[in-house]
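# Remarks on the overall topology
Here's the letter readout for the chains.
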There are 4 protein chains.
Amino acid sequence: MPIRVTVWGENRHERKSPKVAEIYPEGMHEAIASALRRNKDFEVNTATLEQEEHGLTDERLKNTDVLTWWGHLAHGEALDLVVERVYHRVLQGMGLIVLHSGHYSKIFRKLMGTTCDLKWRDTGEREILWITRPGHPIVEGIDDHFILPEEEMYGEFFDIPEPDETVLISSFAGGEVFRSGLTYTRGAGRIFYFRPGHEMYPTYHDKNVQRVIENAVRWAATKSPEKQVKMGNCPEGWLDKK
Amino acid sequence: MPIRVTVWGENRHERKSPKVAEIYPEGMHEAIASALRRNKDFEVNTATLEQEEHGLTDERLKNTDVLTWWGHLAHGEALDLVVERVYHRVLQGMGLIVLHSGHYSKIFRKLMGTTCDLKWRDTGEREILWITRPGHPIVEGIDDHFILPEEEMYGEFFDIPEPDETVLISSFAGGEVFRSGLTYTRGAGRIFYFRPGHEMYPTYHDKNVQRVIENAVRWAATKSPEKQVKMGNCPEGWLDKK
Amino acid sequence: MPIRVTVWGENRHERKSPKVAEIYPEGMHEAIASALRRNKDFEVNTATLEQEEHGLTDERLKNTDVLTWWGHLAHGEALDLVVERVYHRVLQGMGLIVLHSGHYSKIFRKLMGTTCDLKWRDTGEREILWITRPGHPIVEGIDDHFILPEEEMYGEFFDIPEPDETVLISSFAGGEVFRSGLTYTRGAGRIFYFRPGHEMYPTYHDKNVQRVIENAVRWAATKSPEKQVKMGNCPEGWLDKK
Amino acid sequence: MPIRVTVWGENRHERKSPKVAEIYPEGMHEAIASALRRNKDFEVNTATLEQEEHGLTDERLKNTDVLTWWGHLAHGEALDLVVERVYHRVLQGMGLIVLHSGHYSKIFRKLMGTTCDLKWRDTGEREILWITRPGHPIVEGIDDHFILPEEEMYGEFFDIPEPDETVLISSFAGGEVFRSGLTYTRGAGRIFYFRPGHEMYPTYHDKNVQRVIENAVRWAATKSPEKQVKMGNCPEGWLDKK
């Protein structure tokens, strides 16, 4: 069975900024999606903010094993109804990969329970991503570090709960550090936050970045539980009756 | 400096049910508060749902180091404004102790990022609470287990994120288990969930329960950071300018 | 590529006790191995204490993706040389599944850094195993709990470090609880401790127990990192030279 | 009651290297100890490798609430007997603060269950330590980062288990990162690993470093459990007999 991936993109910068449009002529979501499509066992779709229900209908989410999320300018425009829907699918077992400025999206903040605020600086400086969990499936095929020559800086303190696993930590030329590859579980759903991906740089064309996202999709695509866990009132003797 | 505790109670069952009123003539919040008041270094106030802004004004919260929360019937009546306020104080460093049916409160669900649902049965059965972190300050002075002869059952799966620390696990006469003493951190705030405390039983008169709550208050009352962490734009050279 | 599993058994009780021999005529290791062999993509071997180097030669371990470990009477007889060898293979990425009384083995204690002591009672009482991580690959295909009619009791406090994930918690008829399905990572290796499996009961013939072990093998069989992480002296400029 | 601290130092570099002797004329252990002694509620002693049983007799350890450990050249000379003794005291509740090159000590490796290996470079480069847990008692009174102008570099991958809490992360001028303030629990004992402290630089004279160690002593000095947890055979009915 294929892994069904939906790549969600805000798709605003690409249409406003000539520089972003030059780097990502089909949009950032298409750059991410087309890299994922090289995996024969992935079935990849895209969805964007301007579509009805942001392209994330009930039907679409039911048929999504892993959702990737990139947003920046327009977090506030995400419909609460859609955010609720994504939230419940994550708890049921859908994987979620939150990319870069998605740290500030409604869905990520709702799942974390914190502000997800951070330091930043956009001067296009060198980022080195160091692996702190060699052997983790998300960094399979990656050396013990990789370098992005130009990126936006994100710096600690990153206001998130202590992660289940810290897989990558970045340093920036300016001296800051950032936990840049992080795993969480909420309900049956696996969540991966992955820092790089500012719209002004060709980050999603980088082969290491592509490999991490591809690995993260495989990692997050666990089977959802076959049946819903029983909740609520369990009268005496229910255990023996089963 | 004393530890300033606010004991928050929904205060509904006590006024509706003669049985609850008999067990807790001054209300559950008063039972909890008066046990805490035996600690000379605690300064204990109470607040309840029916008060204006549920007794949790800005002023009050600013002067609270640790808030305890018991609610059940009326989670939906908690004003979003007040929930937001409590939430931001937790992130700033206020401790929060969520008691029993408070698992389903708006504030706990917001901080956890999950549904916080569970199994339950109210037949007044024996609960044994086992310590899984001997030496943890929250269980100081407690033996390796303690018994409540009659309690409501809560059973797994408890839909919460993996806790920072699992301090207590309960078994029930019916065979269920429950993670009943759990710690989390959100921002600078420490959170403790403590399971026992159904309104129909004299649980808050139990000396072990009282001791755990008292210990948890001390544990959760860390000093808030003296100054706010710098967030947002950090232009080149900011590190050297300091 | 198949998952190469080595099932290690102490193989003492089976040859000493007629009751154990009746339940496990080919030995406990063979019962575990033959259940795993139903998976076409597993390549399953066994090894036992009485073999030279306990059957765990360098060659064998190099060709093992996941090792399962059951021991009880003779933990002290395990050669330190072999324990070191297993230890280094785990750090390199070999999965390790520690079964029941294996909690007290040299290898588990070395990897945990604690005594791994616990309470116990062998009266053949009912054990209920509750799932605390629905959706986790280790409990795929398992309902929200399962029951073993007769088992040895293990009770908390179980002296282990806080697990990465608590997947299963048991209750016993006598009222004790135990964290009975636990994950850890050491280096690149994934470790799963799974409680049930006293030699006096037909536990390894139980279909839920077999399913959990099978799932755990798949979960623990991550690919080892392709190249060793660079350690030690990294002179100035090493990053740019690469 | 005072917090009884024992500052343990290898005390070799100080007597071999004129440069180290100049920075730490009384030895590194004395520099650490004298900073701690400014706390009126600390009772501070020192112990060194060359003393009988390394100064860590049964008596001394019984009367130590928190032990700090600095070693480098002579990890192999630490007597196994003494390492065992420290180990058991940690499990019983003694706090342990492992400093800098102590990452490679027998006691830290035994408690971690991993190799504790890392990258390093000693060229006296700038280290920036970033706080990733504002509000944590260990960083009380510290800004969101602090700088050491010259230090040895330690780089990831640091082969340790996923920490309970990552409190500090360092960046180095050369571009490496390192998890430099980490908490663990083993048994009832709290462990803090704190990276800085190469013998060639005046790191232990730095006021932020001193404050972190002082805070860590307070954090690690939890009360030991008053009575030993019952382990081993618990015959039927033991719960009711109590």
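Residues numbered from 1 in each chain as written. Chains lettered and ligands numbered in written order. Predicted model: local features only at pLDDT ≥ 70, side-chain atom pairs only at ≥ 80, totals over all residues. Heavy atoms only, no water.

## Examining the overall build of chain A
Stated formally: Comment: elements are numbered from the N terminus, with helices defined as DSSP H or I runs of at least four residues and strands as E runs of at least two. Each radius of gyration is computed over the set of C-alpha atoms, and the globule rule expresses the reference value as 2.2 Å times the number of residues to the power 0.38. Working definition: with a 1.4 Å probe on protein chains only, accessible area under 20% of the residue-type maximum means buried, over 50% means exposed, and in between means partly exposed. Residues count as neighbours in contact if any of their non-hydrogen atoms are within 4.5 Å of one another. Computed with a 1.4 Å probe, the accessible areas rest on the Shrake-Rupley method; for each residue, only the protein chains presented here act as cover. Neither His nor the chain ends contribute to the count of charged residues, in which Lys and Arg are positive and Asp and Glu negative. Charge placement uses NZ in Lys and CZ in Arg. For Asp and Glu, CG and CD serve respectively.
Secondary structure assignment for chain A yields eight helices and 10 strands. On C-alpha atoms alone, chain A measures out to a radius of gyration of 18 Å, which is about the 18 Å that the 2.2 N^0.38 rule sets for 242 residues. Dimensions of chain A along its principal axes, counting C-alpha atoms only, are 65 × 40 × 35 Å. By residue count, 66% of the 242 residues in chain A fall in the buried class. Across chain A, every contact between residues at least 6 apart in sequence was considered, and the portion connecting residues at least 24 apart equals 71%. For chain A, the accessible area works out to roughly 8600 Å², and carbon and sulfur atoms hold 49% of it. Side-chain charges in chain A split into 31 positive and 38 negative, and the spacing between the mean points of these groups amounts to 5 Å.

## Describing helix H3 (residues 28-36) of chain C
All names here are of chain C. Of all nine residues in H3, seven are buried; the element is thus mostly enclosed. What H3 keeps buried is the set Met-28, His-29, Ala-31, Ile-32, Ala-33, Ala-35 and Leu-36. Packed against the buried residues of H3 are strand E1 (3-9), helix H1 (13-16), strand E2 (42-48), strand E3 (66-70), strand E4 (95-99) and helix H7 (207-220).

## Details of the relation of the copies chain A and chain D
The criterion, for reference: Least squares is the method for superposing the copies, and the C-alpha atoms it fits come from residues with pLDDT of at least 70 in both.
Overlaying chain A on chain D yields an RMSD of 0.0 Å, the required transformation being a rotation through 180° with an accompanying axial translation of 0.0 Å. When the rotation and shift are considered jointly, the pair of chain copies conforms to a two-fold rotation axis. Nearest to the rotation axis, the C-alpha of Ser171(A) is located 3.1 Å from it, this being the minimum over chain A.

## Quick notes on unusual backbone geometry
Each neighbour pair has its own omega, and for Glu156(A) with Phe157(A) the value is 15°, a cis peptide bond. Positive phi values are uncommon outside glycine, yet His100(A) reaches one of about 45°. As for its placement among the helices and strands, His100(A) is situated in the loop between strand E4 (95-99) and helix H6 (106-112). The phi dihedral of Glu53(B) is positive, around 50°, even though this residue is not glycine. Here Glu53(B) shows up in the loop between strand E2 (42-48) and helix H4 (58-62).

## What to know about the environment of Gly113(D)
Its place among the elements puts Gly113(D) in the loop between helix H6 (106-112) and strand E5 (119-131). Not counting the four nearest positions on each side in its chain, Gly113(D) is found in contact with Tyr87(C), Leu91(C), Lys110(C), Leu111(C) and Arg186(C).

## Considerations on the pattern of salt bridges
All names here are of chain A. Just so we agree on the cut-off: Definition used for salt bridges: Asp or Glu carboxyl oxygen within 4 Å of a side-chain nitrogen of Lys or Arg.
Tallying each qualifying case throughout the model produces 80 salt bridges over all chains. Between Lys-106 and Asp-80 there is a salt bridge, with the nearest N and O atoms lying 2.9 Å from each other. Of the two residues, Lys-106 sits in helix H6 while Asp-80 sits in helix H5 (residues 80-92), which places them 26 residues apart along the sequence. Using a relative accessible area of 29% as the deciding quantity, one classes Lys-106 as partly exposed. We classify Asp-80 as exposed; its relative accessible area is 53%. In this structure, Arg-211 engages Glu-140 in a salt bridge whose closest nitrogen and oxygen atoms are separated by 3.8 Å. Taken together, the residues span a long stretch of sequence, with Arg-211 in helix H7 (residues 207-220) and Glu-140 in the loop between strand E5 (119-131) and strand E6 (145-155) at a distance of 71 residues. What emerges from the salt-bridge pattern is a single network uniting Glu-53, Asp-58 and Arg-85.

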